[in-house]
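# Notes for the structure review
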Amino acid sequence: MFSYNETLEQAIERNVHDALLEDVGVCDWTAMLAPSNETVKAHVIVKQENAVLCGRPWFDRCILKLDPQAKIEWNFAEGEVMPNQAVVCSITSNGRSILSAERPALNFLQTLSYTATVTHSYMQAIADIHVNPKGCKMLDTRKTLPGLRQAQKYAVRIGGGQNHRMALWDGILIKENHIMAAGSITAAVKAAMALNAKVSIQIEVESIAEMEEALAAGAHSILIDDFSLEQMQQAVNINQGRALLEVSGGVDIEQLRKIAMTGVDRISSGKLTKNVEAIDYSMRVLARIESNN
């Protein structure tokens, strides 16, 4: 259908272009109130405790697209936890440009920081659980905002989580409808292996019996969907490390520790990316520095 798979850098460029196009368009009339040749100093403050900073590349690009000479000085690294009311960064820029870039830039920062912050909290919740000697990983899903797949999955990584497949081109995930179309779990696994696509292959099962069939078919990664805690423990005992076991299905932070205690390898949750809120950031222009007459 398409001739290439989008890279993160390409996604950032597209995201920023779209954000500026939809917000600025042909003209920001209100920004015209500022003199065209005036330089201003501004800063961004975070107004929430223990937020994880994420989205600097998108923020920077929004500012620099409108003023390539702008200077941005960050006080926190990407992925760093910030205290409430901290000055996150300082900006020196053309006045009109920063007024136009403000909202698109902050939109990326507030959205991606939220995903990173939630992911960080999930990781902290299971950090001390070592039932599985390889550890328990926290993964996202493809339940992302349209157009922001790469951005939100980047934010999950910044928050300490890991990505499930980036997109359909990035792995094979055999679900109920695929199994039905192929004829059986065994047939679906064999057909996936025969593709020799050089991508990961995972199959979703809904019962212990289906998991045993998947293992017998040679599955190396199994997604156990909507299992009870008792079934998860049984699955771990039957598996004995033969395949990666991943839990999915309505996982929230209250359940995380109990799930990790069963010894599964991975837990995936759509809540990291689909339940979107915003970290509270505020940009303020502090001073008019000079007029370049």
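Our structure's up above, just so we're on the same page.
Residues numbered from 1 in each chain as written. Predicted model: local features only at pLDDT ≥ 70, side-chain atom pairs only at ≥ 80, totals over all residues. Heavy atoms only, no water.

## Observations concerning the overall build of the protein
To be explicit about the condition: Only runs of H or I of at least four residues qualify as helices and only runs of E of at least two qualify as strands under DSSP, and these elements are numbered from the N terminus. By definition, residues are in contact when any of their heavy atoms lie within 4.5 Å. The method behind every accessible area is Shrake-Rupley, applied with a 1.4 Å probe, and residues are considered shielded solely by the protein chains displayed. Positive charges come from Lys and Arg alone, negative charges from Asp and Glu alone, with His and the N- and C-terminal ends not counted. Taken as the charge location is NZ of Lys, CZ of Arg, CG of Asp or CD of Glu.
For the protein, the helix and strand inventory stands at 10 helices and 12 strands. Put simply, 72% of the contacts in the protein that link residues at least 6 apart link residues at least 24 apart. When the accessible surface of the protein is totalled, it reaches about 14600 Å², and 52% of it is carbon and sulfur. A gap of 3 Å separates the mean positions of the 28 positive and 34 negative side-chain charges of the protein.

## A word on the nonpolar core
Worth spelling out the cut-off: Side-chain atoms within 4.5 Å are what join buried Ala, Val, Leu, Ile, Met, Phe, Trp, Tyr and Cys residues into a set we call a nonpolar core. Remark: exposure states derive from per-residue accessible area (1.4 Å probe, protein chains only) relative to the maximum for the residue type, with buried under 20%, exposed over 50%, and partly exposed in between.
Core analysis: the largest hydrophobic core is formed by 81 residues, its most contacted members being V44, F59, I222, I224 and Y281. With 13 residues, helix α3 (residues 95-126) is the single largest residue contributor to this core.

## A look at the sheet that holds strand β6 (residues 137-139)
Stated formally: Strand pairing requires that DSSP identify at least two bridges connecting the strands. Between the N-to-C directions of two axes lies an angle of 0 to 180 degrees, each axis being a line fitted to C-alpha atoms and, for a helix, fitted only over the stretch in contact.
Ordered by their spatial adjacency, six strands build an open sheet running β6-β11-β10-β9-β8-β7, and the pairing between neighbours is parallel. Of all the strands in the sheet, just β6 and β7 (171-174) have a single pairing partner and so form its edges. Put simply, the sheet's adjacent strands are angled 25° from each other on average, direction ignored. Packing against the sheet, helix α8 (residues 229-239) makes contact with β9 (221-225) and β10 (244-248), and its axis sits at approximately 170° to β10.

## Here's the deal with the environment of E246
Where we set the bar: Side-chain atoms alone can form a polar contact between residues adjacent in sequence; in general such a contact is a pair of N or O atoms within 3.5 Å, and within protein one must be able to donate a hydrogen while the other accepts it.
Secondary-structure assignment places E246 in strand β10. Here E246 falls in the buried class, since its relative accessible area comes to 1%. The spacing of E246 and M232 is 14 residues in sequence and 9.6 Å in space, taken between C-alpha atoms. Beyond its immediate sequence surroundings of up to four residues, E246 is in contact with L139, H164, Q202, I222, L223, I224, R266 and S268. Of the polar contacts made by the side chain of E246, one reaches the side chain of R266; its length is 2.7 Å.

## A word on the side chain of E204
Looking at the element boundaries, E204 is found in strand β8 (residues 200-205). Under the relative-accessibility criterion, E204 is labelled buried at 8%. Of note is the side chain of E204, whose polar atom sits 3.0 Å from the side chain of K175. Residue contacts for E204: discarding those within four places in its chain leaves L173, I174, K175, E176, I179, L223, D225 and S248.

## Observations regarding the environment of W74
The topology assignment puts W74 in strand β3 (residues 71-74). Each C-alpha atom of the pair W74 and H43 lies 9.7 Å from the other, and the pair is 31 residues apart in sequence. The contacts of W74, once residues within four sequence positions are left out, are L53, R56, F59, D60, V88, C89 and L109. Within polar-contact distance, the side chain of W74 engages the side chain of D60 at 3.1 Å.

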